[in-house]
Amino acid sequence: DAGVIQSPRHEVTEMGQEVTLRCKPISGHDYLFWYRQTMMRGLELLIYFNNNVPIDDSGMPEDRFSAKMPNASFSTLKIQPSEPRDSAVYFCASRNAGGSQPQHFGDGTRLSIL
Amino acid sequence: AQSVTQPDIHITVSEGASLELRCNYSYGATPYLFWYVQSPGQGLQLLLKYFSGDTLVQGIKGFEAEFKRSQSSFNLRKPSVHWSDAAEYFCAVSTGNQFYFGTGTSLTVIP
């Protein structure tokens, strides 16, 4: 079975540019999560969706960040405009409903803002 | 409030030695507990999970973990560590909707 697929794997861009990260969750999963990982702050939950609806976006750092899930098989995380402090690894994860269900992670997008 | 504590930021063990990584959680109800491993440049991979029943759970790659309700702990163990086990390990608790991750323990394995 295909796992969570993220693209691109690496992104290098200049500050001020728009960045779009993409995620395809595992088919049939009801929940989708976006995380950011840095050395300083560790793994941070940015936002999560249930059945394509954003449930909790309290982890989104600021208005420059936005996330959408137009359908059950696709989600995007957008940063506009990007800043050097946004440099991090961004992970997408998905899971089935039910508290005992584990999250399944993609391989992440390593983002560098110059 | 829910939380997960991994008291050891970094652990170094010799190859072939036993390993125990500590995890303590704070959650009012029956917890769903997980251990994940992250190798460099990769996402988090599920090692094992506990949600009910036998308090000793077996996972992949020879790992096991024991749930101790009285100590609010879910420690990860392996009897003999291999060099390929060097990675970052994360403990997590699920409340139903959200996961709460610990800050991780970095494992170094020396020959």
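Residues numbered from 1 in each chain as written. Chains lettered and ligands numbered in written order. Predicted model: local features only at pLDDT ≥ 70, side-chain atom pairs only at ≥ 80, totals over all residues. Heavy atoms only, no water.

**Q** Where do I start with the pairing of strand E2 (residues 10-14) of chain B in this structure?
**A** One face of the sheet, then the other: side chains in a regular strand alternate in exactly this way. Residue and element names in this part refer to chain B. Burial of the side chains of E2 is restricted to one face: Ile11 and Val13 are buried, whereas none of His10, Thr12 and Ser14 on the reverse face is. Judged from the 5 bridges that link them, E2 and strand E12 (residues 105-110) form a sheet pairing that is parallel. Paired with Val13 across the two strands is Val109, which belongs to E12. (Buried < 20%, exposed > 50% of the residue type's maximum accessible area, 1.4 Å probe, protein only. Helix = DSSP H or I, 4+ residues; strand = E, 2+ residues; numbered from the N terminus. Pairing = 2+ DSSP bridges.)

**Q** Would you take a moment to explain the packing of aromatic side chains for this structure?
**A** The description of an aromatic ring pair uses the distance of the two centres, along with the angle that the planes make with each other. The full count for this structure, using the stated rule, is 17 aromatic pairs over all chains. Between the aromatic rings of A:Phe91 and A:Phe105, the centroid separation amounts to 6.3 Å while the plane-to-plane angle is 80°, which identifies the pairing as edge-to-face. Pair noted here: A:Phe91 is in strand E9 (residues 88-95) and A:Phe105 is in strand E10 (residues 104-105), with a separation of 14 residues, a long-range link. What makes A:Phe105 buried here is its relative accessible area of 10%. Here the aromatic residues A:Tyr31, A:Phe33, A:Tyr35, A:Tyr48, A:Phe91, A:Phe105, B:Phe34, B:Tyr36, B:Phe99 and B:Phe101 are joined through ring pairs into a cluster of three or more. (Phe/Tyr/Trp six-rings, centres within 6.5 Å; stacked < 30°, edge-to-face > 60°.)

**Q** I would appreciate a short explanation of the layout of surface pockets in the present structure.
**A** It is the rolling of a water-molecule-sized probe over the atoms that shows where space remains empty. By volume, the largest pocket is sized at about 690 Å³. As for the largest pocket, its lining consists of 28 residues, of which A:Gln37, A:Thr38, A:Met39, B:Gln38 and B:Glu88 are closest to the centre. Counting residues per element, the ones that place at least two in the lining of the largest pocket are strand E4 (31-38), strand E5 (42-50), E9 and strand E11 (109-113) of chain A together with strand E10 (87-94) of chain B. Residue classes in the lining of the largest pocket are distributed as 9 nonpolar, 14 polar and 5 charged. As a volume, the second largest pocket reaches approximately 280 Å³. As for the second largest pocket, its lining consists of 17 residues, and the residues nearest its centre are A:His104, A:Phe105, B:Leu44, B:Gln45 and B:Leu46. Where the lining of the second largest pocket is concerned, the elements lending two or more residues are E10 of chain A together with strand E5 (32-38) and strand E6 (44-50) of chain B. Ranked by residues supplied to the lining of the second largest pocket, first place goes to E6(B) with 3 residues. (1 Å grid on protein atoms, 1.4 Å probe; cavity = no way out; pocket = protein on both sides within 12 Å on 5 of 7 lines; lining within 4 Å. Points joined across faces, edges and corners; volume = space filled by probe spheres on them. Nonpolar A, V, L, I, M, F, W, Y, C, P; charged D, E, K, R; others polar.)

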